[in-house]
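Chain and residue survey
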Amino acid sequence: MGIPLPGKDHFQGGKLDKDNLVQFMKDLKKNQPDLTDEEAAQIAASKIADSKPKSRMYYKIGASREMAGGKKIDPKARMSDKLKGMYDTVSDTKKSTPHEMEANSDKTIVEFQSPTLAVLEDAGKFCVTIVRYGLVEGELTVKVDTQDGSAKAGEDYIAVHKTITFKLNEKEAEVQLEVLNDDAWEPDEEFFLKLSLPANDENRKVKIGKNKVMTITTLNDDEPGTFGFDKRGHFVKESCGNATLTVFREDGADGVVKVKWRTVDKTALSGKDFVGGEGVLEFKAGEQQRDINIKIINDMSANGKEEFFELELFDVTEGAKLSNIKNTKVTIADDDEFQDILKNMMALTNANLDDLSLYQSSWSQQLKNAMSVN
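Residues numbered from 1 in each chain as written. Predicted model: local features only at pLDDT ≥ 70, side-chain atom pairs only at ≥ 80, totals over all residues. Heavy atoms only, no water.

Next up on the list: the overall build of the chain. When helices and strands are tallied, the chain shows seven helices and 20 strands. For the chain, the share of sequence-separated contacts (at least 6 apart) that also reach a separation of at least 24 residues comes to 74%. For the chain, the accessible surface area stands at approximately 20,800 Å², while carbon and sulfur atoms represent 47% of it. (Helix = DSSP H or I, 4+ residues; strand = E, 2+ residues; numbered from the N terminus. Contact = heavy atoms within 4.5 Å. Areas by Shrake-Rupley, 256 points an atom, 1.4 Å probe, with all protein chains shown as cover.)

Attention now moves to the sheet that holds strand β3 (residues 108-112). The four strands lie next to each other as β8-β5-β3-β10, forming an open sheet whose pairing is mixed. At either margin of the open sheet sits one strand with a lone partner, and together these are β8 (172-178) and β10 (206-208). Along the sheet, successive strands turn relative to each other by an average axial angle of 25°, direction set aside. In this structure, strand β5 (residues 125-134) lies alongside β8, joined through seven bridges in antiparallel fashion. In the strand pairing of β8, threonine 129 is matched with glutamate 174. (Pairing = 2+ DSSP bridges. Axes fitted to C-alpha atoms, helices over the stretch in contact; angles between N-to-C directions.)

Counting across every chain of the model gives four salt bridges. Linking lysine 258 and glutamate 282 is a salt bridge whose minimum nitrogen-to-oxygen distance equals 3.9 Å. With lysine 258 in strand β15 (residues 257-264) and glutamate 282 in strand β16 (residues 278-283), this residue pair connects regions lying 24 residues apart in the sequence. Judged by relative accessible area, which is 34%, glutamate 282 ranks as partly exposed. Measuring nitrogen to oxygen at the nearest pair gives 2.8 Å for the salt bridge that ties arginine 262 to glutamate 312. Of this pair, arginine 262 sits in strand β15 while glutamate 312 sits in strand β18 (residues 306-316), and the two are 50 residues apart along the sequence. (Salt bridge = Lys/Arg side-chain N within 4 Å of Asp/Glu carboxyl O. Buried < 20%, exposed > 50% of the residue type's maximum accessible area, 1.4 Å probe, protein only.)

Our focus in this paragraph is the pairing of β5. By the criterion of burial, β5 is predominantly enclosed, with eight of the 10 residues buried. With five bridges joining them, β3 and β5 adopt antiparallel strand pairing. Note that in β5 the partner of phenylalanine 112 across the bridge is isoleucine 130.

Take the environment of leucine 311 next. Residue position: leucine 311 is located in strand β18. Separated by 47 residues in the primary sequence, leucine 311 and valine 264 place their C-alpha atoms 6.2 Å from one another. Excluding anything up to four places from it in sequence, leucine 311 contacts Phe229, Leu245, Trp261, Arg262, Thr263, Ile292, Lys326, Asn327 and Thr328.

Let's shift gears to the packing of aromatic side chains. Using the criterion set out here, one finds three aromatic pairs in the structure. With a centroid separation of 3.9 Å and 5° between ring planes, the pair formed by tyrosine 157 and phenylalanine 191 is classed as stacked. With a gap of 34 residues between them, tyrosine 157 in the loop between β6 (140-148) and β7 (161-166) and phenylalanine 191 in strand β9 (residues 189-196) connect regions that are remote in the sequence. In this structure, tyrosine 157 and phenylalanine 191 share a single accessibility class: buried. A centroid spacing of 3.9 Å and a plane angle of 15° characterise the contact between phenylalanine 274 and phenylalanine 309, whose relative ring orientation is stacked. In this pair, phenylalanine 274 sits in the loop between β15 and β16 while phenylalanine 309 sits in strand β18, placing the two residues 35 residues apart along the sequence. Classification of phenylalanine 309 by relative accessible area gives buried; the value is 0%. (Phe/Tyr/Trp six-rings, centres within 6.5 Å; stacked < 30°, edge-to-face > 60°.)

A few words on the environment of glutamate 155. Tracing the sequence through the fold places glutamate 155 in the loop between β6 and β7. Assessed through its relative accessible area of 57%, glutamate 155 is described here as exposed. Along the sequence, glutamate 155 and leucine 180 sit 25 residues apart, while their C-alpha atoms lie 6.8 Å from each other.

A separate point is the side chain of threonine 246. Within the secondary structure, threonine 246 is located in strand β14 (residues 242-250). Side chain to side chain, threonine 246 and aspartate 291 meet in a polar contact 2.7 Å long. The contact partners of threonine 246, leaving out residues within four places of it in the chain, are Gly228, Phe229, Gln289, Arg290 and Asp291. (Polar contact = N/O pair within 3.5 Å; in protein donor to acceptor, adjacent residues only side chain to side chain.)

Now for the sheet that holds strand β17 (residues 289-295). Ordered in space as β17-β14-β12-β19, the four strands form an open sheet in which the pairing is mixed. The strands lining the two open edges of the sheet, one partner per strand, are β17 and β19 (321-322).

The next point concerns unusual backbone geometry. Negative phi values dominate among residues other than glycine, just as trans dominates among peptide bonds. Its identity is not glycine, yet aspartate 251 carries a phi of approximately 55°, on the positive side. Position of aspartate 251 among the secondary structure elements: in the loop between β14 and β15. For glutamate 318, which is not glycine, the phi dihedral falls at a positive 60°. Mapped onto the elements, glutamate 318 comes out in the loop between β18 and β19.

The next thing to look at is a negative patch on the surface. Together, Asp122, Glu223, Glu250, Asp251 and Asp254 make up a negatively charged patch on the protein surface. Among the structural elements, glutamate 250 can be located in strand β14. With a relative accessible area of 48%, glutamate 250 lands in the partly exposed category. (Patch = residues over 30% accessible without salt bridge, like charges linked within 9 Å, V, L, I, M, F, W, Y side chains within 5 Å. Lys, Arg positive; Asp, Glu negative; His and termini not counted. Charge placed at Lys NZ, Arg CZ, Asp CG, Glu CD.)

Right, let's get into the environment of isoleucine 296. Here isoleucine 296 shows up in the loop between β17 and β18. Taking the C-alpha atoms as reference points, isoleucine 296 and cysteine 240, separated by 56 residues in sequence, lie 7.0 Å from one another. Apart from residues lying up to four places away in sequence, isoleucine 296 is in contact with Val236, Lys237, Glu238, Cys240, Gly241, Asn242, Ala243, Asp273, Phe274, Phe309 and Ile332.

See the structure below:
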């Protein structure tokens, strides 16, 4: 079922007002978070134009344009089908994933399923998944090559340099890797797996996706690990939606370990500036990192203040330890460019209003425009 868009009350009399524009954009993007500023400005401009009082001359000009084959004066005439559908209602749609957005692409996108992978030192042989989406017809050959990091080929893993072929309509393929185990304790190490097209492949319909390099970490498997954040402070913008804080597991990954976390109010307050709380992260055997997502509340006002809260780790199980960085400070800042964004939105809306200048130009100019065939 459609959700009504913000109505004409935002722009009474067809007037462009900064505060009303902000409220309109908040209401609009609440239901359509993927909408670009340019698209939102088009809708805003059309709403303003449609809100202006219309004289009898408006309807005469419209009729003249129809007869002369000129441009229609419908505010939605320049919109894409997508925007026309949003003009009166906003559909209940979820955010598309990158794969879904490329589903109807005229190109083949190929990449690793994940940019990172952690395996225990005694894992031996294991498989990594490569995916393709978009145009999946026909066969496709890609190259995979390992590259040393702190882990060294021949000592910590077996080097791989091979080609992988996707069969007709096949969306996934696997490459087998092998890590080497020893009895000595050593810190976690990593090596890389790179994805590329064969040197002689000039197929312009194939593109390597964002996950073209995978980081593979070999974990010491004799300890449950040490848990903590990577740094003592994180900076997020008020408009980010969610602050994602990653908890890392180092120096071992044996067994299932649970780590409790909680937010602590400081100058930023739960319920006003963010949605706080507490929870438990469960790390499975071999799992290297987990994310905590904290919702940030955006009031779309630029007050120039920076406020912060803390995220704290406590009470780990199975004899695991907390690192020295078990607390992190999360600073919420107004978007520095907030006013610039607002000015840009005003400019975009005005630019779209210029395209709809029929509502503001003189009668004589309107008649000339009406007889212009484009």
